[in-house]
Amino acid sequence: MIVVDYGGSVFPIIGHSPWNGLHLADFVMPFFLFVVGISIALVYKKEPNRSEATWKAVGRAAKLFLLGILLQGGFLHGLNSLTYGVDLERIRLLGILQRISIGYLVGALCEIWLSRRTRREVGILKSYYLHWVAAFAIIAVYLGLLYGLYVPDWQFFVPGQGYFDLPLDARAYTVKCSVRGDVGPACNSAGMIDRYVLGINHLYAKPVYKNLKECNISRDKVVPESAPSWCHAPFDPEGLLSSLTAAVTCLIGLQYGHVLAHLQDHKGRLENWCVFSVAFLVLGLFLALLGFPINKPLYSISYMLITSATAGITFSALYLLVDIYGYRWLTLPLEWMGKHALSIFIVVSSNLAVIVIQGFYWKSPQNNLMNCIVSLFVHQ
């Protein structure tokens, strides 16, 4: 996450794909959700009081959601401003931590209420078959909304230079759609749902699809007036509809966690994980060949399956390296980061780490350490 956040502008290949396709950054969110699912299987392995466990899960999810709004809602103004605060009419409501909180809550509720544990040993699939039913139901709702909803033409306004002034200088744009089942950046139903439910002013103002060739964005990240109207529109990559399939990634990680919690031998664990991973990967690639795009902003089915399979393969490889062959010293830094993941995320997303680095400069504040590092990579 840290590498792609600060290196993506220097090396675009590791930043997010503008729309369809997979770059390194597009694996970060699914890996987070996958590990959250594994954690749920361990935390709720034995939970005698379901009601109490439910309230704890809801409380944790709510805290994570509110923290996400604070960090990514627009309250913090970035590296070039010492001010803070956000207009409540334009606060961003969804984001990274919010999506993780939704996935965690769905996974926790499934583990608490839909698990069929018995005193005698039964197969993992039989014990947790209702989890798969829930996952298929969520996918069905997602596909029905994504491909079934009609998207009419829509209009939005972009404020001029006076951001906090009255919108007299706002520019109006109209996006021509009148389609059903479109999965492009302009007329997909995911964006329409967010505009209707959350309001367009509460969406992410700098979507990555502005880097598409059609938008012809400048080096200063300015979209020219000649670009298509949708290039100027907000769009939330952590929107409501895509959060459904993101939650399924958490349920997939939950099944890997069940294998870890209930099987004691290394061979049995690796065999189950490999079967899951290969099945998800083959199915995801097959759907991509059928025309279902690999798309992170929409969190498409093929994207969900391929990234979940990749997470499973990575998890299995680390398990083999650390737990079986005992090379734990190689992953000690990763272990430390895993134990302090939320703290690291707060420090990075609030730009505190970069602000501290920028405080060291040579003669002039412009010659700070961060600018020197960026310039070094750019010139190379």
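All values reported here derive from a predicted model rather than from experimental measurement. (Residues numbered from 1 in each chain as written. Predicted model: local features only at pLDDT ≥ 70, side-chain atom pairs only at ≥ 80, totals over all residues. Heavy atoms only, no water.)

The next point concerns the environment of A172. Relative to the helices and strands, A172 resides in strand β3 (residues 171-175). Note: C-alpha distance between A172 and F157 (15 residues apart in sequence) is 4.5 Å. Setting aside residues no more than four positions away along its own chain, A172 makes contact with Q155, F156 and F157. (Helix = DSSP H or I, 4+ residues; strand = E, 2+ residues; numbered from the N terminus. Contact = heavy atoms within 4.5 Å.)

Taken together, the side chains of L320, I324, Y325, Y327, W329, L330 and L332 make up a nonpolar region of the molecular surface, amounting to roughly 720 Å² of accessible area. Considering the arrangement of structural elements, one finds L320 in helix α10 (residues 301-324). (Patch = residues over 30% accessible without salt bridge, like charges linked within 9 Å, V, L, I, M, F, W, Y side chains within 5 Å. Areas by Shrake-Rupley, 256 points an atom, 1.4 Å probe, with all protein chains shown as cover. Salt bridge = Lys/Arg side-chain N within 4 Å of Asp/Glu carboxyl O.)

Next up on the list: the pattern of salt bridges. Scanning all chains against the criterion turns up seven salt bridges. The salt bridge involving E52 is made with K56; its shortest N-O contact spans 3.5 Å. With a gap of four residues between them, E52 and K56 both fall in helix α3 (residues 50-72), about one helical turn apart. Note on E52: relative accessible area 41%, which makes it partly exposed. Its salt-bridge partner being E238, residue R92 comes within 2.8 Å of it at the nearest N-O pair. In this pair, R92 is assigned in the loop between α3 and α4 (96-113) and E238 in the loop between α7 (189-197) and α8 (240-262), connecting sequence segments 146 residues apart. You can call R92 buried: its relative accessible area is 8%. Judged by its relative accessible area of 6%, E238 is buried. Here the salt bridges share partners, and the residues they tie into one network are R92, D236, E238 and K296. (Buried < 20%, exposed > 50% of the residue type's maximum accessible area, 1.4 Å probe, protein only.)

The next point concerns the side chain of T54. Within the secondary structure, T54 sits in helix α3. Look at T54 and you get buried, because its relative accessible area is 14%. A distance of 2.7 Å separates polar atoms of two side chains, one belonging to T54 and the other to W113. Residues within four places of T54 in sequence aside, it is in contact with L109, I112 and W113. (Polar contact = N/O pair within 3.5 Å; in protein donor to acceptor, adjacent residues only side chain to side chain.)

The end-to-end C-alpha separation of α3 is 33 Å, in line with the 33 Å expected for 23 residues at 1.5 Å each. Among all positions in α3, only A53, T54, A57, A61, L64, G68, I69 and L71 are buried. Of the surrounding elements, those touching the buried residues of α3 are α4 and α12 (341-349). Backbone nitrogen of S51 and a side-chain oxygen of the N-cap are separated by 3.3 Å at the start of α3; the cap is N49. (Expected span 1.5 Å × (residues − 1).)

Further remarks concern the UniProt feature "transmembrane region" (unreviewed entry) in the protein. According to UniProt, the "transmembrane region" (unreviewed entry) feature falls on residues 27-44, 64-84, 96-116, 128-150, 240-261, 273-294, 300-322 and 342-361. For the annotated span residues 96-116, helix accounts for 86% and strand for 0% of the residues, and the straight-line distance between the end C-alpha atoms is 31 Å. Along residues 240-261, the helical share is 100% and the strand share 0%, with 31 Å between the first and last C-alpha atoms. (UniProt positions renumbered as here; feature names shortened; annotations may be inferred.)

Because an α-helix packs 3.6 residues into every turn, residues spaced three or four apart end up facing the same way. End to end, helix α2 (residues 28-43) covers 23 Å across 16 residues, agreeing with the expected 22 Å (1.5 Å per residue, within 8%). What α2 keeps buried is the set M29, P30, L33, F34, V36, G37, I38, I40 and A41. In this structure, the buried side of α2 is in contact with α4, α8 and α10.

Even without a glycine there, the phi angle at S178 is positive, about 50°. Examined against the element boundaries, S178 turns out to sit in the loop between β3 and β4 (179-180). Of note in the backbone geometry, Y299 takes a positive phi value of approximately 45° without being a glycine. Its location among the elements puts Y299 in the loop between α9 (266-290) and α10.

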